[in-house]
Structure formats: C-alpha cells, structure tokens
Amino acid sequence: MSSTVAVIGAGTIGRSFAFLFARSGYTVRVFDPRPDLAEVVAGLQADVTADASAGDELASEVGTVELAESVEAAVAGVVFVQESGPEDPESKPVLFSQIAEAAPAGAVFATSSSTIPASLIAAALPESAASRVIVGHPFNPPHLMPLVEVVPSPQTSQETVDAAVEFYRSCGREPVVLGREIRGFVGNRLQNALMKEAISLVQNGVVSAEGLDTVMKNSLGLRWSAIGQFEGMHFGGGEAGIRGFMDHIGPAFAAIEDLPVDVDPAGMEDVFEQVEEAYGPTPTPQAAAVRDRIQKAVLEARGQGR
C-alpha cells in the first residue's frame, strides 16, 4: 500500500471515490454519520476484491477500505482527503475546520462540491489550511468517468494544485486545472448550455425528445467520445485547421437564431411526458447497465479501461 487517504461522506459520490482510491492501491478510511456505514464499507471492500479478481490483479496490489468512527479518526495520518458531504455552504466550512485540525500539515483537502467554491471553505480556515483546500469535482460516477475538474481558490497554493493533479493521475483520472473559480465549472456549464438548447428544440416542435437523443448518440456524442470540441473544429477546417473552419462556417453558425426556452416545471411538462414515454417513468437498472457497458467499451478503446 502506498499511502492512506480519507473519504468523508459515503453517498453515491463518496462510495465511488472510495472504490476508485482502493482499486488504485490506497488504504481508504471512510467516515459518514449514516447508521449503516459498516455495511457500506464491507460492500465496498467486497467490490474492490471482486474487481481485482476480474481484472486478474493480485489482491496485494489493491488497497483496502476501512471504517472510521469519526472525522478525526478518518483523516489522521492521511496524505489526501476527498470530502463528498452534503452540498451545504454553511456546514461544509465547519466540516473542513474539523478536517484541518486533525489532518497532517501536508494533507490536501479536496471537496467534490459542484456549486460551493474552495474560497468559501478556505475563508473559515487559518492560512496554512486554506492554502490546501481545493475543489476536485468529478463526473458521476468517479470510478468510471475519468474527468476531475481541479479548481483552486485564490488562496490555494501551487503545491496543493500539483499534489492534487498527481494524486488523481495516480488513480487513472484525467484532471483539468481551471484558471479561476466560476459557477458550474466547465463540464456543467457546457452541459447546461446543451441542455437548454435541447429543451428548446423539443418545446418548439423541432424534434421529439427521443429523436434529439438519437441525433446526439449518432453524431456529436459519437464524435465527442473520440475528440473534443476544439479538436473537432481543427479537423473540420482541413489543411487550414480551426482558422479555416471558422472562416468557412463561423458566420453561418453565428446567424443561427436562439429559440425560446422554459425550464420551469409547468413549461417542461411536454418534455417530461416525451422522455417518460420513450424511456419509462424511471430509469431501469437494465438501461443503466447498458449505458455503463457502452461507456466502458469507449474507455477501453481509448486505453482508459481501468
């Protein structure tokens, strides 16, 4: 085992992170006030062991998942803390104060938060601890999706940024460091823009919800699994690259009009009905298994299968 790390919060994101870290060879201490934590930890350890066997790895090459009785016990002696507690701007700084008081002086304090910036948490801490707070925002589930958005606050030290990037890479993730704090970070801002456009196209009768998904899966989604937005534009310009792309198609794209969109529940009712008609009232485990199988196949094709 190379090092010990802590996971604070054993919800969906925390459990996924704990599995990922243990699978990557770390001893993982998990704390959550939930009454069934012992069962959760036992299940995670069983999953790690089963995953190692399925991957033809020796059991000694993977880490372990351990139960911690308190925040203080979880973070004692660790090199990295991944906090995945409730998305509460009032309780999170209090929790990080507990973490900072009990953790070693060099530990990195990462939060999985998708809305609370590191600067809000850091403001409640002494400078020595504030410099070690950073956002490590995953895409769900973290053990499958490679991206981690690493978002420092103005107080975060470069050493902390570097250590966070190195740690996530040691777990096979693809960290991207943002230049500054911004609501929604990058992935969710892109998702938000596409979501609103998709809703508007359905609400304005351009395409059905199921038809829009078919368009996505058979064009942009397929392309984006291999190349990113700007790389695609660079390819699209031929020998002239992105400059040629924008010269050729930029003005036409700029002239595309915006459609009205209503994301309030009442305005979304027709969209809700179309989605439920296409995919059922709730997502099924079978559909989730198909999704995960396809995503794993894409990752394997990209050499990121583990």
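Note that the structure is a prediction, hence the values are computed from the model and not measured.

Caption draft 1: Focus on the packing of helix H11 (residues 229–236) against helix H12 (residues 241–254). Their axes nearest at 6 Å, the elements H11 and H12 cross at an angle of 80°. Between H11 and H12, the angle is such that the two are roughly perpendicular. Counted together, Phe230, Met233, His234 and Gly236 of H11 and Gly241, Ile242, Phe245 and Met246 of H12 form the full contact between these two elements. Of the residues in the contact of H11 with H12, the class split is five nonpolar, three polar and no charged.

Caption draft 2: Spotlight on the packing of aromatic side chains. Tallied over the full model, the rule gives seven aromatic pairs. With a centroid separation of 4.0 Å and an interplanar angle of 20°, the aromatic rings of Phe80 and Phe167 are classed as stacked. Of the two residues, Phe80 is situated in strand S4 (residues 80–83) and Phe167 in helix H7 (residues 158–170); the sequence distance between them amounts to 87 residues. Considered together, Phe80 and Phe167 belong to a single accessibility category, that of buried residues. Their ring planes at 80° and their centres at 5.4 Å tell us that Phe80 and Tyr168 sit as a pair that is edge-to-face. Within this pair, whereas Phe80 is found in strand S4, its partner Tyr168 is found in helix H7, the two being separated by 88 residues in sequence. Of the two residues, Phe80 and Tyr168, both sit in the buried class. Each residue in the set Phe17, Phe21, Tyr26, Phe80, Phe167 and Tyr168 is aromatic and connected to the rest through ring pairs, giving one cluster.

Caption draft 3: Region of interest: the pattern of salt bridges. Within this structure, the stated rule accounts for three salt bridges. Taking the shortest distance from any N to any O, the salt bridge between Asp36 and Arg34 comes out at 2.6 Å. Note on Arg34: relative accessible area 26%, which makes it partly exposed. Where Lys92 meets Glu83, a salt bridge forms, and the shortest distance between an N and an O atom there is 2.7 Å.

Caption draft 4: Representation of the sheet that holds strand S6 (residues 133–138). Taken together, the eight strands give an open sheet; going across it, the order is S3-S2-S1-S4-S5-S6-S7-S8, and neighbouring strands pair in mixed fashion. At either end of the open sheet lies a strand with only one pairing partner, and these are strand S3 (64–67) and strand S8 (174–177). Going from strand to strand, the sheet's axes swing by 25° on average, the running direction of each strand aside. For S4 and strand S5 (residues 108–111), the ladder comprises four bridges, and the chain directions are parallel. Residue pairing for S5: Gln82 is matched across the bridge by Ala110.

Caption draft 5: Highlighting a negative patch on the surface. Judged by side-chain charge, Glu210, Glu269, Asp270, Glu273, Glu276 and Glu277 come together as a negatively charged surface patch. With five residues, the single largest contributor to the negative patch is helix H13 (residues 269–279). As for its placement among the helices and strands, Glu273 is situated in helix H13.

Caption draft 6: Seen up close, the UniProt feature "site: Important for catalytic activity" (unreviewed entry) in the protein chain. Under the UniProt annotation, "site: Important for catalytic activity" (unreviewed entry) lies at His137. Filtering out sequence-adjacent residues up to four positions away, His137 remains in contact with Thr111, Ser112, Ser113, Ser114, Leu147, Val148, Glu149, Phe185 and Asn188.

Calculation notes
Residues numbered from 1 in each chain as written. Predicted model: local features only at pLDDT ≥ 70, side-chain atom pairs only at ≥ 80, totals over all residues. Heavy atoms only, no water. Axes fitted to C-alpha atoms, helices over the stretch in contact; angles between N-to-C directions. Helix = DSSP H or I, 4+ residues; strand = E, 2+ residues; numbered from the N terminus. Parallel < 35°, antiparallel > 145°, perpendicular 65-115°, else oblique. Contact = heavy atoms within 4.5 Å. Nonpolar A, V, L, I, M, F, W, Y, C, P; charged D, E, K, R; others polar. Phe/Tyr/Trp six-rings, centres within 6.5 Å; stacked < 30°, edge-to-face > 60°. Buried < 20%, exposed > 50% of the residue type's maximum accessible area, 1.4 Å probe, protein only. Salt bridge = Lys/Arg side-chain N within 4 Å of Asp/Glu carboxyl O. Pairing = 2+ DSSP bridges. Patch = residues over 30% accessible without salt bridge, like charges linked within 9 Å, V, L, I, M, F, W, Y side chains within 5 Å. Areas by Shrake-Rupley, 256 points an atom, 1.4 Å probe, with all protein chains shown as cover. Lys, Arg positive; Asp, Glu negative; His and termini not counted. Charge placed at Lys NZ, Arg CZ, Asp CG, Glu CD. UniProt positions renumbered as here; feature names shortened; annotations may be inferred.

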